[in-house]
Amino acid sequence: AQSVTQLGSHVSVSEGALVLLRCNYSSSVPPYLFWYVQYPNQGLQLLLKYTSAATLVKGINGFEAEFKKSETSFHLTKPSAHMSDAAEYFCAVNTGNQFYFGTGTSLTVIP
Amino acid sequence: GAVVSQHPSWVICKSGTSVKIECRSLDFQATTMFWYRQFPKQSLMLMATSNEGSKATYEQGVEKDKFLINHASLTLSTLTVTSAHPEDSSFYICSAPRAGVTDTQYFGPGTRLTVL
């Protein structure tokens, strides 16, 4: 069975501080892993994806994530938070043609 | 990049009426599309998989007679909420994988349904 766990439903950081959003997965086969961002009343926008190439994946808006098989993790980071980063973030795993989403992490950026 | 649109972006209807939501892939063909439902402050819940030219596949617990799905062409899937009730109020999102790039889903902007 495939699943994704996002630790922390709410994360608050100060503007300019490091952003760390946690995601752990379980998968019976090598997974494809994704991070999506959702702004209020909008659909999901792909931030980055891991598809078994480089373990450190760089995405849009300065975000990156590292695939760690030993820890079954795919945490999302950004060195310096910006006010515009405030949004809902979803980790997802795809092991075929179906996605399984985490419950989401709401990021608040404090000025 | 691949673009998926949804129409309408929001709709308000009376209880008992039916509402149709369209999902279109604008610059690519999609033999498969997915419909999700999202409650406030919650994650996406997969409702069904829409297959072009064949019946949709529904997830457990989703009433297929209430949520009618039609995948009429390679760029259009529709979700019809029949006899809508207030508990059907939600944010409905569709997605589609691009042919040949099956590892990535492209999401529509969502449709906010409010049933009075």
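In the block above lies the structure referred to throughout.
What counts, and where the lines are drawn
- Residues numbered from 1 in each chain as written.
- Chains lettered and ligands numbered in written order.
- Predicted model: local features only at pLDDT ≥ 70, side-chain atom pairs only at ≥ 80, totals over all residues.
- Heavy atoms only, no water.
- Contact = heavy atoms within 4.5 Å.
- Salt bridge = Lys/Arg side-chain N within 4 Å of Asp/Glu carboxyl O.
- Polar contact = N/O pair within 3.5 Å; in protein donor to acceptor, adjacent residues only side chain to side chain.
- Helix = DSSP H or I, 4+ residues; strand = E, 2+ residues; numbered from the N terminus.
- Nonpolar A, V, L, I, M, F, W, Y, C, P; charged D, E, K, R; others polar.
- Disulfide = S-S within 2.5 Å.
- Buried < 20%, exposed > 50% of the residue type's maximum accessible area, 1.4 Å probe, protein only.

Asker: Would you mind going over the interface of chain B and chain A in detail, with residue names and values included?
Answerer: Across the boundary between the two partners, chain B contributes 21 residues, which contact 20 residues of chain A. Counting across the interface, chain B meets chain A through zero salt bridges. The interface formed by chain B and chain A contains four residue pairs in polar contact (both at pLDDT 80 or more). Those elements that provide at least two residues to the side of chain B that touches chain A are strand 4 (32-38), strand 5 (44-51), strand 9 (90-98) and strand 10 (101-107) of chain B. Top element by residues in the side of chain B that touches chain A is strand 10 of chain B. It accounts for six residues. Looking at side-chain class alone, the side of chain B that touches chain A contains 10 nonpolar, eight polar and three charged residues.

Asker: Before we move on, can you summarise the state of the cysteines with the specific residues and values?
Answerer: The final tally for this structure, using the stated rule, is two disulfides over all chains. A sulfur-sulfur separation of 1.9 Å characterises the disulfide bridge that pairs A:C23 with A:C91. Sign of the S-S torsion, about -65° for the bond between A:C23 and A:C91, identifies this disulfide as left-handed. Residue A:C23 is found in the loop between strand 3 (19-21) and strand 4 (24-26), and its partner A:C91 is found in strand 10 (residues 87-94); the two are separated by 68 residues along the sequence. Neither A:C23 nor A:C91 differs from the other in exposure class; each is buried. Two residues share a disulfide in this structure: B:C23 and B:C94, whose sulfurs sit 2.0 Å from each other. For the disulfide bridge between B:C23 and B:C94, the dihedral angle about the S-S bond is near 80°, and by the sign convention the bridge is right-handed.

Asker: With reference to specific residues and values, describe the pattern of salt bridges.
Answerer: All names here are of chain B. For the structure shown, the criterion picks out four salt bridges over all chains. A salt bridge links E22 to R24, with the nearest nitrogen and oxygen atoms 3.5 Å apart. Measuring nitrogen to oxygen at the nearest pair gives 2.9 Å for the salt bridge that ties K66 to D88. Of this pair, K66 sits in the loop between strand 6 (57-58) and strand 7 (67-73) while D88 sits in the loop between strand 8 (76-81) and strand 9, and the two are 22 residues apart along the sequence. For the residue pair K66 and D88, the accessibility class agrees, reading buried in each case.

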